[in-house]
Amino acid sequence: MSAPDPMAEIRASFFIECEELLEALQDGLEAMAEDTGDLETINVVFRAVHSIKGGAGAFGLEGLVRFAHRYETVLDAVRSNTLVADGDAIKLFFRAADHLSDLVRESRDDGILPEAEGDAILTELDALLGDHGVEEEDEAEIEFQPLGLSLDLGLADLPPPAPARFTINFAPEPEMYETGNEPYMILRALAELGSCEVTCLTDKIPQLNEFAPEASYLKWTVVLTADVQEAEIVSIFEFVDGLCALTIAPIQSDVPATQEVSNDPLPDLPVLPELTPPPARAADPVPPQTPAPAAKAKATPQSAAKSVVRVDLDRIERLVNLVGELVINQAMLSQSLESSGLSPHSDAMNGLEEFQRLTRDIQDSVMMIRAQPVKSLFQRMSRIVRECSAAVRKDVRLVTEGDTTEVDKTVIERLSDPLTHMIRNAVDHGLESTQNRLAAGKPEQGVVKLTAAHRSGRVIIEVSDDGGGINREKVKQIATEKGLIAADASLTDTEIDNLLFLPGFSTASEVSDLSGRGVGMDVVRNAIQALGGRITITSTPGEGTTFSISLPLTLAVLDGMVVQVAGETMVLPLNLVIETLTIDHSNLEQTRPGLNVVRVRGEFVSLFDLGVELGYRSAQDSYLDAVVLLIADEAGSRAALIVDEIQDQRQVVIKGLDESFYRAPGIAAATILGDGQIALILDPSDIIAQAQGSTLAIAPNLMELTS
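Residues numbered from 1 in each chain as written. Predicted model: local features only at pLDDT ≥ 70, side-chain atom pairs only at ≥ 80, totals over all residues. Heavy atoms only, no water.

Quick one: what's the story with the packing of aromatic side chains, residue by residue and with numbers?
Under the criterion given, the structure shown has 7 aromatic pairs. Aromatic side chains Phe14 and Phe59 sit 5.4 Å apart centroid to centroid with 35 degrees between the ring planes, which places their arrangement in the tilted category. Pair noted here: Phe14 is in helix H1 (residues 6–33) and Phe59 is in the loop between helix H2 (39–58) and helix H3 (62–79), with a separation of 45 residues, a long-range link. Plain terms: the ring middles of Phe170 and Phe237 are 5.4 Å apart, the flat faces sit at 65 degrees to each other, and that makes the pair edge-to-face. Taken as a pair, Phe170 in strand E1 (residues 164–172) and Phe237 in the loop between helix H9 (230–236) and strand E4 (244–250) lie far apart in primary sequence, 67 residues in all. When sorted by exposure, Phe170 lands in the same class as Phe237, which is buried. In this structure an aromatic cluster arises from ring pairing among Phe14, Phe15 and Phe59. The positively charged end of Arg79 is found above the aromatic ring belonging to Phe46, 3.9 Å away from the centroid. (Phe/Tyr/Trp six-rings, centres within 6.5 Å; stacked < 30°, edge-to-face > 60°. Helix = DSSP H or I, 4+ residues; strand = E, 2+ residues; numbered from the N terminus. Buried < 20%, exposed > 50% of the residue type's maximum accessible area, 1.4 Å probe, protein only. Lys NZ or Arg CZ within 6 Å of the ring centre and 35° of its normal.)

In structure tokens, the structure reads:
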């Protein structure tokens, strides 16, 4: 068995870091677009692109390096206040960030880089620089013009600002070479910042018979003259932080620039005396610098305080499965001890309670490992909105809320496709055209809102728009023409809206490059249901439409109520159960034949026999003294389910049903109980949505009770 390629692992780590840098880039651009960014935000955006370029250069990804270099040149102009980032420029920056993301993905997968699209974006970026008088020749002049040489323009009393000077001592550790980093790439990146005087220290190289191949003997001293901040120099060494000895110190001097500066090696850099700093540019104010000893370059405080360990997903999945087995074995042990007749106060039962608490803590901790914020998913939707709005020529803004809401990683990955389809529908057909919006007295810019929040132990994700809403008359007409409903059918607004989820149903009058509202919405609903979730629609004519997705927090473990129905053991999610009731003469009512309700504190709640709805039995003659579970979904709708017996409340491990099984309505998954028995996990909301109301057999009894 061959050993893993260390360079392949380093390359994979680089692309993982690229994802984090691209996320920071998107955040910074969004802050700039909302006019909430400051100079530090612009610096973050610049450093993200610069870091991607530096890492790509180490792996010879020339196409990625070329685009990132031209992109960061424009961002540097914004940072130095020589280019104003207006609305059009920021839109171009977003497009460049999207293309940079494509280049990273294609470089990772060894794909074909989309050079034509990149060249078009670079042309627009270069046009921005040309419009503001920033040319490539200026950079060449700064790099190659001898120090101290200036043109006499009659401004002798107003000397030009002097570029900053830094002394950098750089000594790689052996671990730096083991990770595949090359000092040459770092020195080349420093040279791109400005004029560099590099001295290689070779005095530590031993005699050949004492030479150790794995040791590191070379050191470098670099005197950098460039119009940069110290943070930019630090960013070049981000990939080797902790893998080298590094000191960076500004050279503060009022010595004329024409005087030659000594570049002797400095093994131990002393504290520099306090001198007058060179004047700073008015366009790029720099806070007064105080003399400080040379210090090791460090990352930003936020990144230094947050320690992250990257673990292969397969290992986490194995840990989750082991925790699931632990939960099952804990349930088996609990059931065995309870059936043994031991006293509740015995040492064994006390130990069992402590074991249960530990199992719960372990399970919660493991679930937190798999949980991830939906921010990455929402950022992908930002790009979808930009591309779709450009395709249909609409001005659309995406507003996101709750992007820090954490969801199981598996849920996030499988939610991307249905959410993409919903966003496209909202932009293409949810929002009116610009002319229609202005005619309706709305702002020209349409708004698509994407929100996420935890509610009732589930995750609620909503996609809403401020468009014209669903044309229910048109929906009903199309459904009638397709033979989906009778011409004289009387449907509620909710029932009409749900027609959009029928296979192939569409209200679009013509074929679009994007999706029409309703086209493929059955696929969206199936994808959501496969995650154990539900999707609902609310729409107000003239105001907009909202699609609401309800998903479980995790696909691994849930708190459930174990019940008995027609001799079958089943599990209901505990977070949906409000309370338990017993039917008697005082709370049983019939409003009309076929509709039976139970009175709960002055309110009437629809009553359903769970055994009948699942097809296990026919309706009973009488339900007096029956056990009822009062449940409520995320929207607040309530219903009462008749069960035979409540057995227990416990954690259960969710076992997904294989695709070869028939997906019965109301069945979400399965689990293994403590006695080894397999029990179905129910989705009460799905059961109620498709209920037949087959409690008609209790009508005669109710007639007697209410007469």
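I'd like to hear about the sheet that holds strand E9 (residues 458–465), residue by residue, with values.
As summarised here, the arrangement of the 5 strands in space is E6-E8-E9-E11-E10, forming an open sheet in which the pairing is mixed. Only two strands of the sheet have a single neighbouring strand rather than two, namely strand E6 (396–401) and strand E10 (534–540). Averaged over all pairs of adjacent strands, the angle between strand axes in this sheet comes to 15 degrees, irrespective of strand direction. As judged from the 7 bridges shared by E10 and strand E11 (residues 544–552), these two strands associate in the antiparallel manner. Of the residues in E11, the one forming a bridge with Arg534 is Ser550. On the sheet, helix H13 (residues 375–392) packs against E6 and strand E8 (446–455) and is oriented at approximately 170 degrees with respect to E6. (Pairing = 2+ DSSP bridges. Axes fitted to C-alpha atoms, helices over the stretch in contact; angles between N-to-C directions. Contact = heavy atoms within 4.5 Å.)

Account for a nonpolar patch on the surface, with residues named and values stated.
The grouping of Ile205, Leu208 and Phe211 at the surface amounts to a nonpolar patch, some 330 Å² of accessible area in total. Of the residues examined, Leu208 reaches a relative accessible area of 76% and is grouped as exposed. (Patch = residues over 30% accessible without salt bridge, like charges linked within 9 Å, V, L, I, M, F, W, Y side chains within 5 Å. Areas by Shrake-Rupley, 256 points an atom, 1.4 Å probe, with all protein chains shown as cover. Salt bridge = Lys/Arg side-chain N within 4 Å of Asp/Glu carboxyl O.)

Describe the pattern of salt bridges, and please don't skip the residues or the numbers.
Tallied over the full model, the rule gives 31 salt bridges. Measuring nitrogen to oxygen at the nearest pair gives 3.2 Å for the salt bridge that ties Asp119 to Arg66. Residue Asp119 is found in helix H5 (residues 115–131), and its partner Arg66 is found in helix H3; the two are separated by 53 residues along the sequence. A relative accessible area of 34% places Asp119 in the partly exposed class. In this structure, Arg357 engages Glu354 in a salt bridge whose closest nitrogen and oxygen atoms are separated by 2.5 Å. Within this pair, Arg357 and its partner Glu354 are both found in helix H12 (residues 347–370), separated by 3 residues, close to a single helical turn.

Tell me what's going on with H3, and back it up with residues and numbers.
Relative to the 26 Å expected for 18 residues at 1.5 Å per residue, H3 spans 25 Å between its end C-alpha atoms, a close match to the ideal helical length. Listed in full, the buried residues belonging to H3 are Leu64, Val65, Phe67, Ala68, Tyr71, Glu72, Thr73, Val74, Leu75, Ala77, Val78 and Arg79. Just downstream of H3 lies Asn81, where phi reads positive at about 65 degrees. (Expected span 1.5 Å × (residues − 1).)

Kindly report on empty space enclosed by the protein, identifying the contributing residues and their values.
A complete count under the given rule lists 2 cavities of 30 Å³ or more for this structure. Size it by volume and the largest cavity reaches roughly 40 Å³. Elements represented by at least two residues in the lining of the largest cavity include exactly helix H11 (313–339) and strand E20 (645–653). Sorting elements by how many residues they give to the lining of the largest cavity places E20 first, with 4 residues. When its residues are assigned to classes, the lining of the largest cavity shows 7 nonpolar, 2 polar and 1 charged. Roughly 30 Å³ of internal volume is contained in the second largest cavity. The wall of the second largest cavity is formed by Lys394, Asp395, Val396, Leu431, Glu432, Thr434, Arg437, Glu444 and Gly446. (1 Å grid on protein atoms, 1.4 Å probe; cavity = no way out; pocket = protein on both sides within 12 Å on 5 of 7 lines; lining within 4 Å. Points joined across faces, edges and corners; volume = space filled by probe spheres on them. Nonpolar A, V, L, I, M, F, W, Y, C, P; charged D, E, K, R; others polar.)

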